[in-house]
Every structure is written in structure tokens, then in C-alpha cells.
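Each chain is listed here by its residues.
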Amino acid sequence: MNIDDLTALAKQRGFFWPAAEIYGGASGLYDYGNIGALFKRRWEIVWLSYFVDTNPDYHLIDGANMLPESPLIHSGHASRFNDVLVGCGKCKTYYRADVLLADAGAKISEGAGSEEIDKAIRDNKLKCPKCKSIQFMPSKAFNMMLDLHLGPDKGESGYLRPETAQSAYLNFFREFNILRKQLPLGLAVIGRAYRNEISPRQGLYRMRELIQAELQIFFDPATWKPDISKVRGRKLNVVLYKKEPAVITVEDLITKHNIPEFYAYHMALIDAFYKDAIKVPEGKLHFLEKGGDEKAFYNKVHMDIEVDVESWGGFKEVGGLHYRGDYDLTQHSKGSKQDLAVLIDGKKVMPNVLELSFGVDRNLWMLIDVFFKKDEARSVLKIPPFMAPYHAGLFALQKDEGIDKMVENVHNKLRKSLKVFLDDSGSIGKRYARMDEIGTPFCITVDFDSANKQSKEYNTVTVRSRDDKSQVRVKVDELEHFIKEKVAFDPYKVFEFH
RNA sequence: GCGAUUGUAGUCUAGUCUGGUAGGACUCUGCCUUGCCAAGGCAGUGGCCCGGGUUCAAAUCCCGGCAAUCGCACCA
């Protein structure tokens, strides 16, 4: 499926489309529609139940999307997100000034301002790499963060948060005190982050407003030992830094490739989430290790979780696993002048952070791409049943008073615990087809026999399954249980958490 | 941000070069027919991305904007 087909499907079937579409849209901003919002909710619930609810030490919190300037100065975002760009006056190509100067061997101080950089460009007689011109336009700071003025007049400076992680770091100390002062402690946030991307691209891949689902695990590196025996023998597809793709066992990652035990454990945990729970096909998921310049400076170990997404042209990042050391809390200790180190067994410990980070929008796009199957006969979104926006469609086979009554009866039985789509327009085949395209796993049809007291089939309905079109007759009284157990998500059946 | 390509009903698309009543498919609505896999018949709704210019006349040509795709750059 290519990018145009996917966006057409998304618009047609109610998943997502450009924000402010009737005004021509806005680059990098998307709205979720009636189906997309349900789809997103399913993904978030599944993610939470797998990564957070399975561990009594992990908790969901929520944080402000607007933050004052100070925490983002000390997190490093205000300077690190703040690139000085310089444009060639002749060919109008823009470059990052620090990169250009470094390539020319010029020395420039960290966080240098525009004036210093313009002077350095002149002093070093820099040439445009493309057209060799020496006429550069005045450099200008470009901040990836969207700035705010909180309050009247110019107001207090602030930013929309560039990552949800900061909400977890800023709340760590209070949560640590509330939650019995123990490590490890996990704080999860699902929410929006904002980046003023220069060039949003590829649908939901790079957006200016994005949804992140992140789990920040605060731990004492001296003592944290997840039970590695649960993941022993698991084979992972890994592309180590500057290496060829390989299949490596968890043990080998630890013993032969220097990956920390807790890190390898979480790689396996994530691997099971995608391959065993969501059923991303073997070979379509790998871990890509980042190193050198591509790795964020504070990360000790950094791997992207990538999935082969046809409409994005290959393997693309849908999540990340980052061992951030104690960078975040150390920085916020300095910035806030509050000591965020904690006392564990009489010893001061600056907690380390392992970050499990997922792009929700990207994951939803990926699911559509990977699981949408089209042939001459039909189009089916074969997502896992627990991800489906609607659990079931409910149809009357014919127009008939008795049947309509039975439909209402069935609907009342199901609606409390299942999301049911009622449809009475068009042929039965057309109604099945509509449900197939939004991934509804079951369609319930009430026919004459269902409503006919004389019939042996009285009070039964047919349940048609999305993937193989097979049908079974189910008693109305057993229907709720029948469907519920098939659309439920049980993380304990996927991974041995305890 | 630079460059190339593109923008026509809800979706896909013909028409644009060479200016002259915007056509089709699917969808959607109603009726008839049928009743377990996108059936058929009849009828109907709905469109040239936005703004300006040239012209008797602009979907078509020109300028500006917005948006999308691809490439470059960017992506702590």
C-alpha cells in the first residue's frame, strides 16, 4: 500500500485527515476522526495494560503540555533544540552553522549566538558547499520548540513541551515520595508533544504535534535486575551500530555485545509486544542501534524500534529504547536547586532512567499499513481484534419488524461492554465490506429464524468473522461472552510478567 | 527552507499542452427488487485548493499563497 492509498483510506473511512482541512490544511497537523479516535484509544489501552498495568511499581501520570522556560533550559532543549541556521545568499541553501563551521575546522563555543557565528563565518572565509559562494545571509536561530508567552503583555516565557518525558522527570520526586520511596519506579505519560519541524513529511511520520506514549523507569543501576530468565533464548532482530542486520539472542546481546542486562530484558519485552501481541510479521521488526553522532549525547545505549512500513518506503522508527543514565535528574537537580537524588538503604542514589518511548500516531499508521490487505475480491484491515475500533457490526438481514426488535434486543445486551456498529443500509455484503475496511472482527446478523419462535434457530444469530468470512450460529445469551473473549487483550498471555 | 512534480464531488480519476455548457467509476440519499458476502433497475445530491491577473470567455494561460508527494537539507 502506498502513501496515497493509505491517506485516501484514512479519509474515506474516518481515521484521520489534515487539521483545518476546509481551509486547505496545515502542514504537520492532523485530526483523528470517529474511527481514528477509537483506534487510538484501543492502542493506548493495550499499550498501558502491557507496559504499565502489569507492574505494580509503574504508574500512569499526566502532565501540562505548556511548561515554563526554566525546566527546558536545564533539560538542554532550549540550547540543543536551538540550531543556528545560515543560508547561502546565492543558492539559498540553508545549513546548520555549527556543522558548517566544524567541517571547516573552525572552533565555536557551545551555544554561540548569531553574531559570533556570523563573525566566525567571515573570519574563516566559509564557502557554500553547494555553489562555492562566500556570500552568506545573516544567520538566525531556529528553535525546534514552539514558544509561548504565558500571561498578559509579553508574559512569562515558556514552551509547548517537546517531549512528554519531561513531565515524568519533573514529577519524579513527588511521586517517589508518594509511592513508598522505592526504586524502581515507573512513570508513564501518554500525551502530546510539539516540535516546530522544518519540513513535516510522510503523513503521520513527522508531525508538528505528535502523541507519545512513554514509560520512564527510574532505577538504581547497582541493584536493578529484571528477571532475565523470562526472556532467555529469545531471538531478536538487531542492527548493531555500523553492523549488518543479525538475529541475536538476549544472552548474546548481554555477554557478547555489552548490552546491559536490564536493557536487553526490555528489548525482549518490546519485541514480544510487537511480534506476539500485535503480530507484526517476523522480519518486519528490528532494533536499530544508534551510535556516534546519531545518538543523543546523553544516551548511554540507544536503539530505535523500526518496522518495515511499505508506505514509508522501508524500515521506519515507531519507538525507541533509551538508557539515559542520570542525565535528566542531574540536570533538573542543578536547575531547580532541589536535590533529586534519593536515599536507598541509607545510600544516596541519583536514579538512572530507562526510557521506553513510542510514537502513537506512527504506530497507528504502521498498523494500517502492515495489516491492510486488498485483493480483487475485498479490502480487509486485519488488525488484531483487540485493536479494532468497533468490536462488532450488527445487522438485520431483512427489513422486518420482528427482526428489528431482535436487533434492538441484541444491541442492548452488547452495548454495555462492547463497541457495536449498527448498520441497516445497503445489501448485507456491502455492510460486511464496510466493516472489513475498518477492521471490525465480527459481524452479527439477525435473520428470520433468529426472530421466529417456531424455528429451531430462535434466539440465535450468525456471527461472521472478518478474516475468513466463516459463520457460526451463536445463542443470543452467549453472544456477549463469545465476542468479549475474542476481543479482549490479556498481557499475561503474551509475556510472563510474574 | 531549497528544487522537481502535483492539486477536478466523500474517494479515485478524464479533461489542462491547443481557453468555449466539467465527464466517468465507486460512495452517499430515496424508491423498486433481492435477502448471508461490495448484486440489479430507476431517480437524486455533490466538484475544478485559495486569491489576483490576462481574455469577450479560465479547471485550462500568467503571478502570489496554501497543501501534498519525492529529492536535498533538517530530524537534541
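Residues numbered from 1 in each chain as written. Chains lettered and ligands numbered in written order. Predicted model: local features only at pLDDT ≥ 70, side-chain atom pairs only at ≥ 80, totals over all residues.

1. Some details on the sheet that holds strand 9 (residues 156-160)
Point 1. The 3 strands lie next to each other as 4-9-8, forming an open sheet whose pairing is antiparallel. Both outer strands of the open sheet, strand 4 (66-68) and strand 8 (147-150), are each paired with one neighbouring strand and no more. Pairwise comparison of adjacent strand axes, ignoring direction, gives a mean angle of 40° for this sheet.
Point 2. Where strand 4 and strand 9 come together, 3 bridges link them in antiparallel fashion. Counterpart to Met 66 in the pairing with strand 9 is Leu 160. (Pairing = 2+ DSSP bridges. Helix = DSSP H or I, 4+ residues; strand = E, 2+ residues; numbered from the N terminus. Axes fitted to C-alpha atoms, helices over the stretch in contact; angles between N-to-C directions.)

2. Some words on the pairing of strand 26 (residues 471-475)
Point 1. With 0 of 5 residues buried, strand 26 is to be regarded as a mostly surface element.
Point 2. Across 5 bridges, strand 25 (residues 460-465) lies against strand 26 in antiparallel orientation. Counted as the bridge partner of Arg 464 is Gln 471 from strand 26.
Point 3. Taken together, strand 25 and the strand that follows it, strand 26, pair antiparallel across an intervening segment of 5 residues, in which Lys 469 is found at a positive phi of about 60°. (Buried ≥ 20, exposed ≤ 12 C-beta atoms within 10 Å, placed from the backbone.)

3. Quick word on the domain arrangement of chain A
Point 1. By the assigned domains, chain A splits into domain 1 (3-74 + 157-372), domain 2 (82-143) and domain 3 (380-487).
Point 2. On a C-alpha basis, the centres of domain 1 and domain 2 stand 33 Å from each other. (Domains from an automatic or database assignment.)

4. Observations regarding the sheet that holds strand 25
Point 1. As summarised here, the arrangement of the 5 strands in space is 23-22-24-25-26, forming an open sheet in which the pairing is mixed. Looking at strand neighbours, the two that pair on one side only are strand 23 (420-422) and strand 26, the edges of this open sheet. Strand after strand, the sheet turns through a mean of 30° between neighbouring axes, direction not considered.
Point 2. As paired elements, strand 22 (residues 392-396) and strand 24 (residues 442-446) share 5 bridges and run parallel to each other. Note on strand 24: the bridge partner recorded for Ala 396 is Val 446.

5. Comments concerning the protein's contact with RNA strand B
Point 1. In the neighbourhood of RNA strand B, 48 residues make up the surrounding shell, with Gly 24, Ser 27, Ser 199, Gly 429 and Ala 433 lying closest.
Point 2. Mapped onto the surface near RNA strand B, the elements with two or more residues apiece are helix 1 (3-13), helix 4 (77-80), strand 6 (94-96), helix 13 (428-437) and strand 25.
Point 3. With 6 residues, the single largest contributor to the surface near RNA strand B is helix 13.
Point 4. When its residues are assigned to classes, the surface near RNA strand B shows 16 nonpolar, 18 polar and 14 charged. (Near = placed C-beta within 6 Å. Nonpolar A, V, L, I, M, F, W, Y, C, P; charged D, E, K, R; others polar.)

6. Considerations on the packing of helix 7 (residues 165-178) against helix 10 (residues 327-336)
The angle between the axes and the distance between the axes are what describe a pair of packed helices.
Point 1. The geometry of helix 7 relative to helix 10 is characterised by a closest axis approach of 10 Å and an angle of 70° between their N-to-C directions. Regarding the angle of helix 7 to helix 10, the classification is roughly perpendicular. From helix 7, Tyr 169, Leu 170 and Phe 172 reach across to helix 10, where they touch Asp 328, Leu 329 and His 332.
Point 2. A breakdown of the residues in the contact of helix 7 with helix 10 according to their chemical character gives 4 nonpolar, 1 polar and 1 charged. (Parallel < 35°, antiparallel > 145°, perpendicular 65-115°, else oblique. Contact = placed C-beta atoms within 7 Å.)

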